[in-house]
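Observations on chain architecture
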Amino acid sequence: MHDRGRPEPRYPGYDVLTKRQGPSWNEQTRRVVSQRLAVPAEPRFFTPDEFRTVASVAARIVPQPDGRPPVPVAALIDEKLFRGASDGYRPEGMPREREAWRQGLQALDAEAKAAYGAAFHAIGAARQDGLLARMQSGDMTSPAWGRMSPQDFFKRRMARDVVLAYYAHPTAWSEIGWGGPASPRGYVRLDFDERDPWEAAEAGSGDAVEVRRINRHVG
Amino acid sequence: MTEFDTDRGSLNAGLAIAGLLAGSVLLLAAGRAPANGHRNGRAAALPPRRSSRKRPTVVAARRLNRAAGVLAASVLADSSVEHYRGSFKNKAMYTPLIVSASTLATSLHGTADARPAAHWFRDATYLTAAVSGLIGTGFHIYNVGKKVGGFSWQNFFYGAPIGAPMAILLSGLLGFCSERVRESRKGTRPEIFQLPAGRTMAAVIGAGLLGTSGEAGLLHFRGAFHNPFMLLPVTLPPLGAALLGRAALAGPGQQHRATRWWMRVLAAMGFAGVGLHAYGVSRNMGGWRNWSQNILNGPPLPAPPSFAGLALAGLAALELMEDHPDA
Amino acid sequence: MSDNPQHTPRARRGRAPDVFRPGGWVPMREYGEDETVDFAIVGTGAGGGTLACKLAEYGFSVVAFDAGPYFRPLEDFASDESEQTKLYWTDDRIVDGANPLQLGSNNSGKAVGGSTVHFAMVSLRFRPEWFKSRSLLGYGADWPLDWREMWNYYREVEQALKIAGPVNYPWGPPRPRYPYRAHPLNAAARVLAKGCEALGIGWTETPLATLSAPRGLAHPCVYRGFCVAGCSTNAKQSALVTWIPRALAAGAEIRDLAMVGRVEVDAAGRATGVHFHRDGTWHFQRARHVVVAGYAIETPRLLLNSTNGQFPDGLANSSGLVGENLMAQSNQAVWGLMDQEIRSYKGPPSLAITEHWNYEDKGKDFFGGYSYMSQGPLPQLWANTQMAARGLWGARLMSDMQNYNHVAGLKIVGEMLPQENNRVTLADEVDQFGLRIPRVTYSWCDNDKRLIAHALKFMTQALEEADARDIWTQEDDTCHLNGTARMGSDPARSVVNADCRSWDIPNLWICDGSVFPTVGGANPSLTIQAIACRTADRIRDLAGRGELDQPARRRYAAQTAQ
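What counts and what doesn't
Residue numbers here run from 1 along each chain, matching the order of that chain's written sequence. Labels follow written order: the first chain is A, the first ligand is 1, and so on. Given that this is a predicted model, residues contribute local features only at a pLDDT of at least 70 and side-chain atom pairs are listed and counted only at 80 or more, while totals for whole chains, interfaces and linings are drawn from all residues. The side-chain values count all of the structure's non-hydrogen atoms but skip hydrogen atoms and water molecules. UniProt positions are given in the numbering used here, feature names are shortened, and annotations may be inferred rather than shown by experiment. Elements are defined by DSSP. Helices are runs of H or I of four residues or more, strands are runs of E of two residues or more, and each kind is numbered from the N terminus. Definition of nonpolar core: a set of buried residues of the types Ala, Val, Leu, Ile, Met, Phe, Trp, Tyr and Cys, connected through side-chain atoms within 4.5 Å. Burial status follows relative accessibility: with a 1.4 Å probe on protein chains alone, a residue under 20% of its type maximum counts as buried, one over 50% as exposed, and anything between as partly exposed. We call two residues in contact whenever any of their non-hydrogen atoms come within 4.5 Å of each other. When two parts are brought into contact, each loses some accessible area as probed by a 1.4 Å sphere; the total of that loss over both is the buried area. What makes a salt bridge here is a side-chain nitrogen of Lys or Arg within 4 Å of a carboxyl oxygen of Asp or Glu, nothing more. Identification of polar contacts relies on pairs of N or O atoms within 3.5 Å, with a donor-acceptor requirement for protein atoms, meaning one able to donate a hydrogen and the other able to accept it, and with residues adjacent in sequence counted only if both atoms are side-chain atoms. Each residue is assigned to one class: nonpolar for Ala, Val, Leu, Ile, Met, Phe, Trp, Tyr, Cys and Pro, charged for Asp, Glu, Lys and Arg, and polar for all the others, Gly among them. Pairing between strands requires that DSSP locate at least two bridges from one strand to the other. One fewer than the residue count of a helix, multiplied by 1.5 Å, yields its expected span. Two axes enter the bend calculation: one fitted to the seven residues ending at the residue in question, the other to the seven starting there, and the bend is the angle between them. Axis angles are defined between N-to-C directions and span 0 to 180 degrees, where every axis is a line fitted to C-alpha atoms and, for a helix, only to the segment in contact. With respect to orientation, any angle under 35 degrees is reported as roughly parallel, any angle over 145 as roughly antiparallel, any angle of 65 to 115 as roughly perpendicular, and every other angle as oblique. Handedness of each helix crossing follows the sense of rotation of the near helix against the far helix: counterclockwise by less than a right angle gives left-handed, clockwise gives right-handed.

Here we come to the UniProt feature "transmembrane region" (unreviewed entry) in chain B. Following the UniProt record, the feature "transmembrane region" (unreviewed entry) maps to residues 12-30, 124-144, 156-176, 197-218, 230-249 and 261-281 of chain B here. Secondary structure content for residues 124-144 of chain B is 100% helix and 0% strand, while the C-alpha to C-alpha distance between its ends is 30 Å.

Set out below in structure tokens:
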């Protein structure tokens, strides 16, 4: 897994929030997204140490480009846990969401210290990636895991929450050229290579200046 | 925040609809005097006009121009909206806009013109319209066929409408016929390709009514006839077609009162259809506030007046037959 | 907020929310707790909502309970995946077994209307032979129902939901025309069609419970693509906007935010009513009949949690089968990239379907069948699929997500065989009400695995034929849950009879997907509703003949003695 440099954005100039006041967004959606954009920067559920670890995990699972305000992934996860949201199920041996996170972060730090003599947030990116890959494949044995399987924690809790938090954010929506919220107005043009005027144009689908112009003016 | 792209679309749609309305009003206004003033018997009570104005073939020709114009206006508006929906992916999709716009202009000219002579430019425009209608039909058939699923209900419902380009063909044909009627010499039987003009047109218009009714039927079937009013354009026009057919076959000297009356009903239905479709648009999510979607996904506002265009042409044909019992 | 339906019940004081008008209300009849109603129904989804409507229309007094809120979709539903998880049943549950299930989203609902509020609207009839799969196809168990009778009830439900479907359905015996026409296909659906045509099998537009034309106050679909996050257009014909308003109009009472924790049974072995939690305390509603319609996990959970001295193993459980034979449906997928823009987020997710492998038995090395449909995952779901099923994270994930608008996928709804070891039991831990939480145990059998392998191979070919590239398979997913209280004609080998009446307790009924003896390769909602309609008709007929209080078991004994 290598970081590519700074590739040209796929949907240059597209910001889904441009559509916020238009007919694609209703009041309840504006309210929900506004709350999300105003998520507190400081943790309310995690301790500062835990929060730092979550942030370093998120930076490896959903690495973000420079040059734009980052999606506050750790803060979004903290908010969800603070609120007490639940998936509604957990594998045998895994505690509920909050305890699972606490226990998993502890175990991750224990693994980092055992392997590299330092906490997870303090080791280099490559080593962090290595640890996360081991967790994903279940190749971890610290007693700090208790009855929880590292694989389960990676797939069903940690990486899941990170990915869901990132892709709950309008910045991520813009990045992948998704149309975003759509009510009352939905879509008209559904077939191959069809785009409504209120959808993002892809780089290469026309003259670069024109694509940018279209994307700046989706409404 | 600007809404440039959306606005451009709305501009298209808005212009088209405004065009439709303006066109209809102009056509009605331009043709008003002769349409109201002519009628045997009653005409005598009105102030005298220049002889050419009273000449029945010219009156019929002007009426036919008006009818062709209503059809052209409907096509202009409808193809603007539908081809905008299709993002003008193919440059050829601008053709019906240009053709129907010039047909509309030509028909205005023809409606206002009281001279008893054909005009080469009108003829050329009308023929172009007819030919492009044929070519457009071919295009639409090709487009439906090449979609996955081919000639299936899905593609007939949602692909390029097979029947739509026929409207511009009809508009061109009516215009062309009007020129033939207009240029017929005083005292002779008005003819189109050596056939009696009135009866020929009645037959053509009847066929047009049937085709247009078929298209409305297909699309209203797509809408599951969820509103009983949706049955009107699949029941009233075929009856009108049958009446016109009877008129075309009938011998000279008949009044065709019922047929004439029925044509007026159809014309009213065509214009009222815009209102019903406007109501249909409002029934969609977000109503008129969500016009940028609902104008495209809701019932097409400009489609129903094509019935009015045909019905007006039917009236013109019937009255020509009255003035020229052998036509 | 003063009116938060998730915190304060809305259906009370003689009125219930009008789902068609923001802030609106409709009158609702109410029953006192001491008033013995004819039917207390637990659950208001495809089973309970339908039954509540039909029974109320037949003149019975009905109170239907739902643990979830009473939403007005037009004002309560946001266009947001995270926010709309409020439609899911997210109370604590434990999953185990060799293939632990994923719960909480595509197989659960907690709202008036149940999971039909966020279902994908796919409304399929079962293949007739499936009702006799043991006798005719050699696997599973026979249903005590006749497909021809079900064909009529399917018709009733399709009309009630104004299903939008193809003019001609390519498989199975003739069926009447769908009341509304099929929706336009999106590009993702056309990819499915291309693959099918290249491989020479049939495909069609999926019959969907979402409007393709206006209906009453409900708007037609606007193709916004948030179907599984709840429809804010009211195009989706969920129980919330179809059966429930009818039920209210016919005099039923709906109790929202009312969690039923226990069915009470008296010394004579008859149900007397239900204990439910609402407004912070427990209440008891008297009823002549109790219907449990909580779906395949909550139904057995409630029956198992309602033990007493007379029924130490749970209610209706003399066969020992309550909770057993849980059947998920396999939900594997094949995904690929197209050169064209697909933008599958537009329109209902599954606009095209092939049921070829439901109806074709040649060339299979497994029992059962599967259908597959086009897909339209929204960003969170898609990203999590990439992570969980494909193992992507880091730069790989981020760059792959860039291809979102070019992704096309095919996903099966596959038949899984009933196994007694796949089951719902009670864990020792308790939930917020002090009720023991369910433990859901699931393992695939060899037949399940062979079906999945067949499907993945076939769909890979189909995507290749449709010119997709970078094709990969998603192997670990399941959907709909059924079984756990199967119907049958033998009290020793089933929990309820064909009328959904418990063999053990004559006035206890079970009416939801739990009663399925097999699941077939088709989404179950239409069949659940058809069974509910049939059950209502049977109850009306039995009551008319004065046989409603006659135990099912006695009639079974009479039949077998003949």
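Alright, that's what it looks like, and here's the rest.
Quick look at unusual backbone geometry now. Looking along the chain, the bond that leaves Ser 183 of chain A and enters Pro 184 of chain A is cis, with omega of 10 degrees. Of note in this structure, Ala 224 of chain B is not a glycine but carries a positive phi near 60 degrees. Among the structural elements, Ala 224 of chain B can be located in the loop between helix 10 (197-222) and helix 11 (232-249). A positive phi angle is found at Lys 162 of chain C, which is not glycine, with a value near 45 degrees. Turning to its location among the elements, Lys 162 of chain C is positioned in the loop between helix 4 (147-160) and strand 6 (164-165).

As a further point, take the nonpolar core. Membership of the largest hydrophobic core comes to 164 residues, with the highest contact counts inside it found for Tyr 70 and Tyr 372 of chain C. Here this core gets 9 residues from one element, more than from any other, and that element is helix 12 (residues 525-544) of chain C. Non-local contacts of Tyr 70 of chain C, meaning those with residues more than four positions away in its chain, are made with Pro 5, Arg 10, Ala 11, Ala 16, Pro 17, Val 19, Val 112, Leu 240, Ile 244, Leu 248, Ile 254 and Asp 256 of chain C. Counting residues in each nonpolar core, the second largest holds 91 residues, with Phe 88 and Leu 104 of chain B together with Tyr 223 and Ala 383 of chain C among its members.

Across the boundary between the two partners, chain A contributes 64 residues, which contact 68 residues of chain C. Both sides of the chain A and chain C interface together cover about 5,400 Å² of buried area, and 54% of this is carbon and sulfur. Broken down residue by residue, the surface that chain A buries against chain C is led by Trp 178, Leu 190 and Phe 192 of chain A, which jointly contribute 14%. Here chain A and chain C share 9 salt bridges between them. A salt bridge links Asp 191 of chain A to Arg 190 of chain C; the shortest N-O distance between them is 3.1 Å. Counting every contact that joins chain A to chain C gives 36 residue pairs in polar contact (both at pLDDT 80 or more). Broken down by element, the side of chain A that touches chain C gets its largest block of residues, 8 residues, from helix 6 (residues 150-166) of chain A. Split by residue class, the side of chain A that touches chain C holds 29 nonpolar, 13 polar and 22 charged. Strand direction decides the pairing type here: strand 1 (residues 90-91) of chain A and strand 5 (residues 94-96) of chain C, joined by 2 bridges, are parallel. Directly across from Arg 90 of chain A, in strand 5 of chain C, lies its bridge partner Ile 94 of chain C.

If you walk through the whole model with that rule in mind, you get 77 salt bridges over all chains. Its salt-bridge partner being Asp 49 of chain A, residue Arg 52 of chain A comes within 3.0 Å of it at the nearest N-O pair. One end of the pair is Arg 52 of chain A and the other is Asp 49 of chain A, both in helix 2 (residues 48-61) and 3 residues apart, which spans about a single turn. Taking relative accessible area as the criterion, Arg 52 of chain A reaches 41% and is therefore assigned partly exposed. Between Lys 54 of chain C and Glu 156 of chain C there is a salt bridge; the shortest N-O distance is 2.4 Å. Here the residue Lys 54 of chain C occupies a position in helix 1 (residues 48-57), and Glu 156 of chain C occupies one in helix 4, the gap between them amounting to 102 residues. Each of Lys 80, Asp 87, Glu 97, Arg 157, Arg 160 and Asp 161 of chain A takes part in one network of salt bridges that share partners.

For the rest of this paragraph, the subject is the pairing of strand 4 (residues 62-65) of chain C. Residue and element names in this part refer to chain C. Because side chains alternate across strand 4, one face comprises the buried residues Val 62 and Ala 64, and the other comprises Val 63 and Phe 65, equally buried. Strand direction decides the pairing type here: strand 3 (residues 37-42) and strand 4, joined by 4 bridges, are parallel. Note that in strand 4 the partner of Phe 39 across the bridge is Val 62. Looking at chain direction, strand 4 and strand 9 (residues 253-255) are connected through 3 bridges and run parallel. Bridge pairing in strand 9 links Phe 65 to Arg 255.

Turning next to helix 12 (residues 257-283) of chain B. Compared with an ideal rise of 1.5 Å per residue, which puts 27 residues at 39 Å, helix 12 of chain B spans 38 Å between its outermost C-alpha atoms and is within 8% of the ideal. The axis of helix 12 of chain B is deflected most strongly, by about 30 degrees, at Ala 272 of chain B.

We now examine the sheet that holds strand 5 of chain C. As summarised here, the arrangement of the 4 strands in space is 1(A)-5(C)-19(C)-18(C), forming an open sheet in which the pairing is mixed. Two strands lie at the open edges of the sheet, namely strand 1 of chain A together with strand 18 (423-430) of chain C, each paired on one side alone. Packing against the sheet, helix 7 (residues 295-305) of chain C makes contact with strand 18 and strand 19 (436-441) of chain C, and its axis sits at approximately 65 degrees to strand 18 of chain C.

To continue, consider the side chain of His 118 of chain C. Within the element layout of this structure, His 118 of chain C appears in the loop between strand 5 and helix 3 (133-137). Not counting residues within four places of it along the chain, the set of residues in contact with His 118 of chain C comprises Leu 87, Tyr 88, Ser 105, Ser 108, Gly 109, Cys 227, Val 228, Gly 230 and Lys 236 of chain C.

Moving on, we come to the pairing of strand 16 (residues 370-374) of chain C. All names here are of chain C. Most of strand 16 sits inside the fold, with 5 of its 5 residues counted as buried. One ladder, built from 2 bridges, connects strand 15 (residues 352-354) with strand 16; its direction is antiparallel. Residue pairing across strands places Thr 354 opposite Tyr 372, the latter belonging to strand 16. As defined by bridge partners, strand 16 adjoins strand 17 (residues 407-414) across 5 bridges and the pair is classed as antiparallel. If you follow Ser 374 over to strand 17, its bridge partner there is Leu 410.

Attention now moves to the packing of helix 2 of chain A against helix 4 (residues 97-116) of chain A. Residues and elements named next belong to chain A. Interhelical geometry of helix 2 versus helix 4 gives an angle of 75 degrees and a closest axis separation of 11 Å. Compared by their axis directions, helix 2 and helix 4 come out roughly perpendicular. Packed against helix 2, whose contacting residues are Glu 50, Thr 53, Val 54 and Val 57, the element helix 4 presents Trp 101, Arg 102, Leu 105, Leu 108 and Asp 109 at the interface. A breakdown of the residues in the contact of helix 2 with helix 4 according to their chemical character gives 5 nonpolar, 1 polar and 3 charged.

Contacts between the two partners involve 28 residues from chain C, matched on the other side by 18 residues from chain B. Looking at the side of chain C facing chain B, the largest losses of area belong to Arg 181, Arg 190 and Pro 214 of chain C, adding up to 31% of the total buried there. If you look at where chain C meets chain B, you find 0 salt bridges. Our count for the contact surface shared by chain C and chain B stands at 10 residue pairs in polar contact (both at pLDDT 80 or more). Secondary-structure elements contributing two or more residues to the side of chain C that touches chain B are strand 7 (180-181) and helix 5 (187-199) of chain C. No other element matches the 4 residues that helix 5 of chain C contributes to the side of chain C that touches chain B. Its residues placed into classes, the side of chain C that touches chain B shows 14 nonpolar, 7 polar and 7 charged.

Time to look at the side chain of Arg 189 of chain A. By secondary structure assignment, the location of Arg 189 of chain A is in the loop between helix 7 (170-176) and helix 8 (208-216). Reaching out from Arg 189 of chain A, the side chain makes a polar contact with the backbone oxygen of Tyr 84 of chain B at a distance of 3.1 Å.

With that settled, the discussion passes to the packing of helix 6 of chain A against helix 9 (residues 379-388) of chain C. Where helix 6 of chain A contacts helix 9 of chain C, the two axes come as close as 10 Å, and the packing angle between them is 140 degrees. On the basis of their axis angle, the class for helix 6 of chain A and helix 9 of chain C is oblique. Viewed along their axes, helix 6 of chain A and helix 9 of chain C form a crossing whose handedness is right-handed. Taking contact as the criterion, the partners of Phe 154, Lys 155, Ala 159, Arg 160, Val 163 and Leu 164 of chain A in helix 6 of chain A are, on helix 9 of chain C, Gln 380, Ala 383, Asn 384, Met 387 and Ala 388 of chain C. Broken down by class, the residue content of the contact of helix 6 of chain A with helix 9 of chain C amounts to 7 nonpolar, 2 polar and 2 charged.

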